[in-house]
Amino acid sequence: MSVSFENTATNRGVVTFTIGQDKIQPALDQAFNKVKKNLNAPGFRKGHMPRAVFNQKFGEEALYDDALNAILPAAYEAAIAELGLDVVAQPKIDVKSIEKGQDWTLTAEVVTKPEVKLGAYKDLEVSVEASKEVTDEEVDAKLENERKNLAELVVKEGAAENGDTVVIDFVGSVDGVEFDGGKGDNFSLELGSGQFIPGFEDQLVGYAAGETVEVNVTFPEDYQATDLAGKDAKFVTTIHEVKEKEVPELDDELAKDIDEDVETLDELKEKYRKELAESKEIAFDDAVESAALDLAVENAEIVELPEEMVHEEVHRSVNEFLGNMQRQGISPDMYFQITGTTQEDLHKQHEADAEKRTKTNLVIEAVAKAEGFEASDEDIEAEIASLAADYNMEVERVRQLLSADMLKHDIVIKKAVELITSTAKVK
């Protein structure tokens, strides 16, 4: 194989490489064996056309596309490896010469990983707003939240207030014409929940069961039903019932109802205090890590970040998000329907921090390289065991799903992050 590289711009260039006859001929044979199964020729059974007859009838060139598709990936990877290039985006392949009996010549326009000039990344001084201290007010707030979760709705006399639930019938219309989806019967609505469009719930406050209210609202300009966006609407609303939340008494019995592992309210409070302390410890460590990484990136210089890297980070992030949704039983179509968003909206959300994430990844990789971090066999086995425990999977299944290179990369990245974070000094 003949290989060369021409640098055309910062982090960009053209790789020229050849594919020899030792690779081409087996690929042509494989392509012919694939297509001949469906070929008919006078004097031959279907699928038994000789190669010479095929070449005479169709020409060997008819096999070139299939043959090239079969051998191109490996040939390209070999060329990149020989040149020692670190390519970060899909290449643009162009066939320069593909003639019978000759080596094939191709070019690949590539984007390479930018140079990272590290600044200070150890012993960084960082400031974080997170606190490890757990206050009595935080414990009480958690307890009150759990107490409210056990509240029961009971019918009340008198006018509805914010926080009450009303059972209503409603009929919506625009310019006197009812519209699809604007009607409901015996609908339970918690006032102040923001479940309905702005202004609707507020206009039911102060009314009692048996009363009919004419609710006037304006649909938001960005309302998902575009035919209603920005329009004024009237909802004739009849209140059937008003219900209020009746919360249980704060005592030992409530504590046992909330958590069967405790006997008293004081025990529950102490358990909550420990849980909050653990959560705050994690949040504090995360804040230190984030601040230290941000400062390490700020101290580094990245020579012309290619936009292709940022685009790939957006796609990776979106795919990871949708994958997590699917593992929870929510398909992409279902997610977009529930949220009233589109694929384009989701991409825009993930574009916000894509450049920052890309720069952070580059700096972490550079630190790992500068420190000479490696992943030992023991590191790999420990990582596999940890992942198996986290995802409740068999160790061998994890081993099958993840390549050794992927595991090694993740391990050295973790070591680099640990170095940056553990040496950071919190003001």
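In this report, we go over the structure that sits alongside the text. Fair warning: this is a prediction, and the values are worked out from it, not measured in the lab.

## Considering the overall build of the protein chain
Point 1. Helices and strands together make up the secondary structure of the protein chain, namely 13 helices and 13 strands.
Point 2. Taking all 427 residues of the protein chain together, 33% fall into the buried category.
Point 3. In the protein chain, 45 side chains carry a positive charge and 93 a negative one; their mean positions are 8 Å apart.

## Some points on the side chain of Asn11
Point 1. Topologically, Asn11 is positioned in the loop between strand E1 (3-9) and strand E2 (12-19).
Point 2. Discounting chain neighbours no more than four positions away, the residues touching Asn11 are Val110, Val111, Thr112, Lys113, Pro114, Glu115, Val303, Glu304 and Pro306.

## Some details on helix H3 (residues 64-83)
Point 1. Helix length check: H3, at 20 residues, gives a terminal C-alpha distance of 26 Å against a target of 28 Å (1.5 Å per residue), a fit within 8%.
Point 2. Along its length, H3 reaches its greatest deviation from straightness, about 40 degrees, at Leu72, and the proline Pro73 lies no more than four positions downstream.
Point 3. The complete set of buried residues in H3 reads Tyr64, Ala67, Leu68, Ile71, Leu72, Ala75, Tyr76, Ala79 and Ile80.
Point 4. Two residues or fewer past H3, Gly84 is found with a positive phi of approximately 70 degrees.

## Focus on the sheet that holds E2
Consider a sheet: its strands pair through backbone hydrogen bonds, and that pairing is either parallel or antiparallel.
Point 1. The sheet built from 4 strands is open, its strands ordered E1-E2-E4-E3 with antiparallel pairing. Looking along the sheet, the strands with just one partner apiece sit at the ends: E1 and strand E3 (92-97). On average, each strand axis in the sheet is tilted by 20 degrees relative to the strand beside it, whichever way the strands run.
Point 2. Pairing of E3 with strand E4 (residues 104-111) involves 5 bridges; the strand directions are antiparallel. From the neighbouring strand, Ser97 faces E4, where its bridge partner is Thr105.

## Observations regarding the packing of aromatic side chains
Point 1. In total, this model carries 16 aromatic pairs according to the counting rule given.
Point 2. Summarising the aromatic geometry, the rings of Phe187 and Phe196 are spaced 5.2 Å apart at their centres and angled 45 degrees between planes, so their arrangement reads as tilted.
Point 3. Look at Phe196 and you get buried, because its relative accessible area is 18%.
Point 4. Ring pairing ties together the aromatic residues Phe170, Phe179, Phe187, Phe196, Phe200, Phe219, Tyr223 and Phe235, which thus form one cluster.
Point 5. The positively charged end of Lys57 is found above the aromatic ring belonging to Phe58, 5.7 Å away from the centroid.
Point 6. The cationic tip of Lys142 hangs over the ring face of Tyr272; the distance from NZ or CZ to the ring centre is 4.8 Å.

## What to know about the packing of helix H4 (residues 136-149) against helix H6 (residues 265-299)
Point 1. Viewed as axis vectors pointing N to C, H4 and H6 meet at an angle of 110 degrees, and their least axial separation amounts to 9 Å. In terms of axis orientation, H4 runs roughly perpendicular to H6. Here the hand of the crossing between H4 and H6 comes out right-handed. Within the contact between the two elements, H4 uses Asp136, Glu138, Val139, Asp140, Lys142, Leu143 and Glu146 and H6 uses Leu265, Leu268, Lys269, Tyr272, Arg273, Glu275, Leu276 and Lys280.

## A closer look at a negative patch on the surface
Point 1. On the surface, a cluster of negative charge is made up of Glu249, Asp251, Asp252, Asp257, Glu263, Asp266 and Glu267.
Point 2. Going through the elements one at a time, helix H5 (252-258) and H6 are the ones with two or more residues in the negative patch.
Point 3. With respect to the secondary-structure elements, Glu249 resides in the loop between strand E11 (232-246) and H5.

## Considering a nonpolar patch on the surface
Point 1. On the surface, Tyr391, Met393 and Leu401 cluster together into a nonpolar patch covering about 320 Å² of accessible area.
Point 2. Note on placement: Leu401 falls in helix H12 (residues 395-401).

## Re the pattern of salt bridges
Point 1. Evaluated as defined, the whole model comprises 29 salt bridges.
Point 2. Asp29 serves as the salt-bridge partner of Arg51, at 2.7 Å between the closest nitrogen and oxygen. Of this pair, Arg51 sits in helix H2 (residues 51-57) while Asp29 sits in helix H1 (residues 21-35); the two residues are 22 residues apart in sequence, bridging distant segments of the chain.
Point 3. Glu396 is the partner of Arg399 in a salt bridge, and the nearest nitrogen-oxygen pair spans 3.2 Å. Separated by 3 residues within a single helix, Arg399 and Glu396 lie in helix H12, roughly one turn from each other.

Each value, and the rule that gives it
Residue numbering note: each chain is counted from 1, following its sequence as written. Only residues with pLDDT of at least 70 get local features here, since the model is predicted, and only at 80 or more are side-chain atom pairs given and counted; chain-wide, interface and lining totals rely on the full set of residues. Values shown for side chains rest on all heavy atoms present in the structure; no hydrogens or waters enter the calculation. Helix numbering and strand numbering both begin at the N terminus, where a helix is a DSSP run of H or I of at least 4 residues and a strand a DSSP run of E of at least 2. The cut-offs for exposure are 20% and 50% of the maximum accessible area for each residue type, with area from a 1.4 Å probe on protein chains only; residues under the lower value are buried, those over the upper are exposed, and the others partly exposed. Charge convention: Lys and Arg are scored as positive, Asp and Glu as negative, and His as well as the terminal groups of each chain are ignored. Every charge is mapped to an atom, namely NZ of Lys, CZ of Arg, CG of Asp or CD of Glu. Between two residues, a contact is recorded if the distance between any of their heavy atoms is within 4.5 Å. By this rule, a helix spans an expected 1.5 Å times one less than how many residues it contains. Values of bend correspond, residue by residue, to the angle between axes fitted over the seven residues ending at that residue and the seven starting there. Two strands form a pair only when DSSP identifies at least two bridges running between them. Under this scheme, a helix contributes an axis fitted over its contacting stretch, all axes are lines through C-alpha atoms, and angles between N-to-C directions fall in the 0 to 180 degree range. Two aromatic rings from Phe, Tyr or Trp, using only the six-membered ring of Trp, form a pair when their centres are within 6.5 Å; if the ring planes differ by under 30 degrees the pair is stacked, by over 60 it is edge-to-face, and anything between is tilted. As a reminder, the over-ring test applies to NZ of lysine and CZ of arginine, requiring each to be within 6 Å of the ring centre and within 35 degrees of the ring normal. The scheme is simple: roughly parallel for angles under 35 degrees, roughly antiparallel for over 145, roughly perpendicular for 65 to 115, oblique for anything else. Crossing handedness follows the turn of the near helix against the far one: under a right angle anticlockwise gives a left-handed crossing, and clockwise gives a right-handed one. Distance thresholds for patches are 9 Å for like charges and 5 Å for nonpolar side chains (Val, Leu, Ile, Met, Phe, Trp, Tyr), applied to residues having over 30% relative accessible area and no salt bridge. Surface exposure here means Shrake-Rupley accessible area, sampled with a 1.4 Å probe, where a residue is shielded only by the protein chains that are shown. A carboxyl oxygen of Asp or Glu within 4 Å of a side-chain nitrogen of Lys or Arg is what we treat as a salt bridge.

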